Amino acid sequence: MAEEPNPKKAKIIKLEGNAQNQSKLTQVGSIEAENVYLSTDVVHIKSSSKAESPGVLKAGNPGKSLEHWQGRETEYAQIQQWLTDKNTFLIGIEGIGGIGKSTLATKIYEEIAGFPKRFWADVSNGVSFSDLARQVLGEFGFPIPEQEAQLVEALVRCLRSGQFLLIIDNLESLLQPNRQWGSLFYGEFFQAWIESGANSKVLVTTRERPELIGFEWLPLKGLQVDEGVALLSELGIRGNLAEFVELVDGHPLLLKLVAGLLKYEYSQDPDLKRLADLGLGNLRQLLTNPQVVGVHRSENVGMKLVLDASLNRLNKLQKDLLLNISVYRGVFDSAAAVAVLPGNSESEIERELRDLVKRSLLEDKLNGKQRFEFQPVVLEYVQYKAGDQTEAHQRAIYYYLVNVKQKPWQTKEDIKEYLEVFYHWYQLEKYDSAFDVLAFCDKFLSLQGYYTDQVELYEQLVSKWEEIGDRENWNYWASLTSLGNANNSLGQYQRAIELFQQSLKISRNIGDRNGEGATLIGLGNAYNPLGKYQQAIEFFQQSLEIFREIGDRNGEGATLIGLGNAYNSLGRYELAIESFEQSLELSRDIGDHNNKVHSLIGLGNAYHSLGEYKLAIESFEQALEVSRNIGARNSEGNSLIGLGNAYNPLGEYQRAIKFFEQSLEIFRKIGDRKGEGNSLNNLGIAHDSLGEYQRAIDFYQQSREISKEIGDRNNEGHSLIGLGNAYGSLGQYQQAIDLFQQSLEVSAEIGDIRGEAEAWFNLGVTLENVKREADALGAYRNACELYQKMRLDADVQDCNNAIERLSQPKKPVVSRRGFWWGLRRLWRWVRSLFRR
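On a predicted model such as this, the values are computed, not experimentally measured, just so you know.

Definitions and limits used
- Residues numbered from 1 in each chain as written.
- Predicted model: local features only at pLDDT ≥ 70, side-chain atom pairs only at ≥ 80, totals over all residues.
- Heavy atoms only, no water.
- Helix = DSSP H or I, 4+ residues; strand = E, 2+ residues; numbered from the N terminus.
- Buried < 20%, exposed > 50% of the residue type's maximum accessible area, 1.4 Å probe, protein only.
- Areas by Shrake-Rupley, 256 points an atom, 1.4 Å probe, with all protein chains shown as cover.
- Pairing = 2+ DSSP bridges.
- Contact = heavy atoms within 4.5 Å.
- Expected span 1.5 Å × (residues − 1).
- Core = buried A, V, L, I, M, F, W, Y, C linked by side-chain atoms within 4.5 Å.
- Phe/Tyr/Trp six-rings, centres within 6.5 Å; stacked < 30°, edge-to-face > 60°.
- Lys NZ or Arg CZ within 6 Å of the ring centre and 35° of its normal.
- Polar contact = N/O pair within 3.5 Å; in protein donor to acceptor, adjacent residues only side chain to side chain.
- Arc of directions from axis to C-beta.
- Salt bridge = Lys/Arg side-chain N within 4 Å of Asp/Glu carboxyl O.
- Axes fitted to C-alpha atoms, helices over the stretch in contact; angles between N-to-C directions.
- Parallel < 35°, antiparallel > 145°, perpendicular 65-115°, else oblique.
- Left-handed = near helix turned anticlockwise from the far one by under 90°.
- Nonpolar A, V, L, I, M, F, W, Y, C, P; charged D, E, K, R; others polar.

**Q** What's the story with the overall build of the protein chain in this structure? I'm lost.
**A** A count of helical and extended segments in the protein chain gives 36 helices and eight strands. Buried positions account for 61% of the 836 residues belonging to the protein chain. Element-wise, carbon and sulfur atoms account for 45% of the exposed surface of the protein chain, whose accessible area totals about 33,000 Å².

**Q** Please clarify how unusual backbone geometry should be interpreted in this entry.
**A** Phi is mostly negative for residues that are not glycine, and the peptide bonds are mostly trans. With an omega of 5°, the peptide bond running from K407 to P408 counts as cis. Counting through the fold element by element, P408 comes out in the loop between α15 (390–402) and α16 (416–427). Positive phi values are uncommon outside glycine, yet N170 reaches one of about 65°. You can call N170 buried: its relative accessible area is 8%. In this structure, K771 is a non-glycine residue whose phi angle is positive, near 70°. As for its position among the elements, K771 is in the loop between α33 (753–769) and α34 (773–790).

**Q** Where do I start with the pairing of strand β3 (residues 117–122) in this structure?
**A** Remark: a regular strand shows side chains that alternate across the two faces of the sheet. Across the six residues that make up β3, a large majority, five, are buried. The pairing of β3 with strand β4 (residues 164–169) spans six bridges and is parallel. Bridge pairing in β4 places D122 opposite D169.

**Q** Can you help me understand the environment of L680 in this one?
**A** Note on placement: L680 falls in helix α29 (residues 673–689). Residue class for L680 comes out buried when judged on its relative accessible area of 0%. Separated by 18 residues in the primary sequence, L680 and D698 have C-alpha atoms spaced 9.0 Å apart. Look past the residues within four positions of L680 in its chain and what remains in contact with it is L664, R668, F699, Q702, S703 and I706.

**Q** I tried to follow α16 on my own but got confused; where do I start?
**A** Note: α-helices contain 3.6 residues per turn, so residues at a spacing of three or four share the same orientation. Between its terminal C-alpha atoms α16 stretches 17 Å, which fits the 16 Å expected from twelve residues at 1.5 Å a residue. Most of α16 sits out of view: eleven of its twelve residues are buried. Within α16 the residues assigned to the buried category are E417, Y418, L419, E420, V421, F422, Y423, H424, W425, Y426 and Q427. Where α16 is buried, its residues meet α15, α17 (431–447) and α18 (451–467).

**Q** Is there a simple way to explain the nonpolar core in this structure?
**A** Note that soluble globular proteins tend to have their nonpolar side chains buried in a common cluster. In terms of nonpolar packing, the biggest core is built from 99 residues, with I325 and Y328 touching the most fellow members. The dominant element in this core, judged by the number of residues it contributes, is α17, at nine residues. Excluding residues that lie within four positions of it along the chain, I325 makes contacts with F332, A337, V340, L353, L362 and F374. In terms of nonpolar packing, the next biggest core, distinct from the first, is built from 97 residues, L563, A616, L720 and V746 among them.

**Q** Explain the packing of aromatic side chains to me, please; I cannot follow it from the model alone.
**A** Any pair of aromatic rings gets described here by the distance separating the centres and the angle formed by the planes. Under the defined criterion, the tally for this structure stands at 25 aromatic pairs. On the basis of an interplanar angle of 40° and a centroid distance of 6.4 Å, the ring pair of F332 and F374 is categorised as tilted. Here F374 lies in the loop between β8 (369–373) and α14 (376–386) and F332 lies in the loop between α11 (316–325) and α12 (334–340), a separation of 42 residues in the sequence. Each member of the pair, F332 as well as F374, carries the same accessibility label: buried. Each ring, one from W409 and one from F440, has its centre 5.9 Å from the other, and the planes form 75°; the classification is edge-to-face. On the criterion of sequence distance, the pair formed by W409 in the loop between α15 and α16 and F440 in helix α17 is long-range, its members being 31 residues apart. For F440, a relative accessible area of 35% gives the class partly exposed. Members of the aromatic cluster, each reached through a chain of ring pairs, are F129, Y186, F189, F190, F215 and W217. The ring centre of Y109 lies 6.0 Å from the NZ or CZ of R118, which sits over that ring. Lying across the ring of Y423, R329 places its NZ or CZ 4.3 Å from the centre.

**Q** I keep staring at the environment of V327 and nothing clicks. Help me out?
**A** With respect to the element layout, V327 can be found in the loop between α11 and α12. Look at V327 and you get buried, because its relative accessible area is 2%. Through-space distance from the C-alpha of V327 to that of Q389 is 7.3 Å; in sequence the pair is 62 residues apart. The contact partners of V327, leaving out residues within four places of it in the chain, are V340, Q389, A392, H393, A396, Y423 and H424.

**Q** Mind showing me how you'd approach the side chain of N648 here?
**A** With respect to the helices and strands, the residue N648 is situated in the loop between α27 (633–647) and α28 (653–670). A relative accessible area of 1% places N648 in the buried class. Engagement of the side chain of N648 in a polar contact is seen with the side chain of S689, the distance being 3.4 Å.

**Q** Would you mind showing me how to read helix α6 (residues 225–234) here?
**A** All of the buried residues along α6 are E227, G228, L231 and L232. On an axial view of α6, the arc spanned by its buried residues comes to 135°, and they lie on one face. The secondary structure elements touched by the buried residues of α6 are α1 (73–84), α7 (241–247) and α8 (252–265). The first or second residue beyond α6 is G236, which carries a positive phi of 90°.

**Q** Where do I start with the pattern of salt bridges in this structure?
**A** What the rule picks out here adds up to 39 salt bridges. Between R134 and D453 there is a salt bridge, with the nearest N and O atoms lying 3.3 Å from each other. Of this pair, R134 sits in helix α3 (residues 129–139) while D453 sits in helix α18, and the two are 319 residues apart along the sequence. On the accessibility criterion, R134 (11% relative accessible area) is buried. Classification of D453 as buried rests on a relative accessible area of 5%. Close ionic contact of D269 with R238 constitutes a salt bridge, the shortest N to O distance being 3.1 Å. Pair noted here: D269 is in the loop between α8 and α9 (283–287) and R238 is in the loop between α6 and α7, with a separation of 31 residues, a long-range link.

**Q** Sorry if this is basic, but what is going on with the pairing of β4 here?
**A** The buried fraction of β4 amounts to six of the six residues, a majority that puts the element mostly inside the structure. Of the two faces of β4, both are covered, the one formed by F164, L166 and I168 as well as the one formed by L165, I167 and D169. Pairing analysis gives four bridges linking β4 to strand β5 (residues 201–206), with the strands arranged parallel. Looking across to β5, one finds that I167 is bridged to L203.

**Q** Explain the packing of α16 against α17 here, please?
**A** Two packed helices can be described by the angle between their axes and the distance between those axes. One way to put it is that α16 packs onto α17 with a least axis distance of 8 Å and a crossing angle of 165°. With respect to each other, α16 and α17 are oriented roughly antiparallel. For the crossing formed where α16 meets α17, the hand is left-handed. In this structure, α16 uses Y418, V421, F422, W425 and Y426 to contact α17, whose residues at the interface are Y431, S433, A434, V437, L438, F440 and C441. Split by residue class, the contact of α16 with α17 holds eleven nonpolar, one polar and no charged.

Dropping the structure here:
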């Protein structure tokens, strides 16, 4: 499938907008300095609106200090028991914010024995499953596919292979208010891991449980009185410690905040009696007030009071700094802090940041350069207090734009600043500006195969424009088209068709001819792999007419590639070659390297189908070179498949296998499920050629499963034929016959004439092997009729030879000869296994 021409260039990004609906402190009573008045019965701190942009994964090691660790022996022992239990695979630590879930998990991570490899993932910003899985797989030394649907299987397979410990911190960030998953594939992963877990363990921390069975849950409470006393003593606090610990139910963060406040304000005498001087003399009155009811009432009221007192004791610079840096969604350094609060030196700001760490309002992260982050509960409180953060978001945008990495980009890390800019525009509800940033990175994301990221980002924009009723916005149409292309690349053809149909309706309503043509290409590309070739051709012909009418040569070239692929699928190779040659000439004239590589791959496919293997090799080698030059990983994988297919019928089986294995590695890395299925199918054929039938069956079966999953009926039929041939070679003829008949059903259903003909011919070979000559004769005649329709003279001759042989006096049937005939014919057909 050729990449869509992007009819819209990125706009100049302007720094403007309004921040609304930030995370809030909700349902907290009105609290004055001396007199306490509770206006509500329930008191709690929570995030009322998560950031919807994909978060930044804080991964690797916990980076949390255990310097003042106290107690938790019972909880530690319970988790240790679960970690050694062979029937326990998922462990959850549940508790309110600041209760010590992450600290306990860090203790486990740092000290537990029996796990030679471990990984910590903080998903507090709503990290996508793809980012999590990729980093885990990379850390544990496993191949990294890109698509989330494939990553679920890959991560489960990885965890089953050894004894690993995976800790996912702040899981509640991935949940919607109804406790359902807000990010795709997490639920599938946990369910799959519960069903197939092994020696590895997955441990999560969360404020609320997901709607999922199979966890062993540890509800975490505050510290015991003696443990809390020990913590305050170690922090240097004096006074009636036991009474205070009991008063706040041993809440660890609250104890640390109080300690930090007292030590900073009264370093010479950090006694609890000093709380009255800080405006907290009424703490006991409030925490024991019978009107305050509900879960965790004392901890949350106490947290609010102490945070209020802490904020009130800050100087103006510290307060402004704290409120402004709360726009960042993760770890930041002093330079980022200066960006949102200009007019101060970086050294001065870093000094103030360290001061906030001493007050327990920030946490520091030492990893080469000192960096900082908020504890989630504190962040929610500060964002609530900050109110309108428009200016801070704008300054953050400017900071990231100044620090963006220039092209060429190699990995997603290279565009992280642009993704942060997208996030801040999104928070400002400036969705058009967010779109412009995404459009600027769109081609890179496509070439590198980051289709899942495209789906998540464009889905957010589309849903917002629909929510606010801005469907007439051109960017809404463009996002629908880009979302359709990304779904198409992931093999989600039906979803892609729905999106393209919406986009087509809009483009026709507003008279956007360029957009109409681009959407028609998308529809053609979605219908082609479903085997609906005639419909695909109709869409491509409509698109070709539009692009020629408006003089869009890039769109014309992309349409010709789509037409060539559809003609190739139908076995109309001369028309396919004609289309690809026209597209190649256009791409060379206008310098369109992306269309050039797809044209070369298409030509290679067509030449291969005609048995012109040397010409095919030349085309694929050129395509491979161009693909690598422009960083088009998908095209690189398809070029490698083409080379393998061209070398295999020349008897160079091992060389072909190497090409197929290289392509498989690429497709798995970029998450191209269709490409992965094609690579696996071709590996099956190559091993079949070597007589390694059981290994071939394994590859065919994997390919078939993927094809069924993504709805690729064309490749499903190919896999069934491969399986039939392999089982026939093992003498399991009835199973082979059943598989060929299934392939016939698929081919007939989708109108794949070539596939249907191949299935009939191979069925004839197998029937001949079991002495059912009359049935075999009928199968060969059916195949011959279909080949004649496609004007494939060599195939017609093969059928006539078989018909003539069976029509003569009975002769011994040599089973192996029949198999090799079938295999030779299958090789003529493999050109369609990797069509774009």
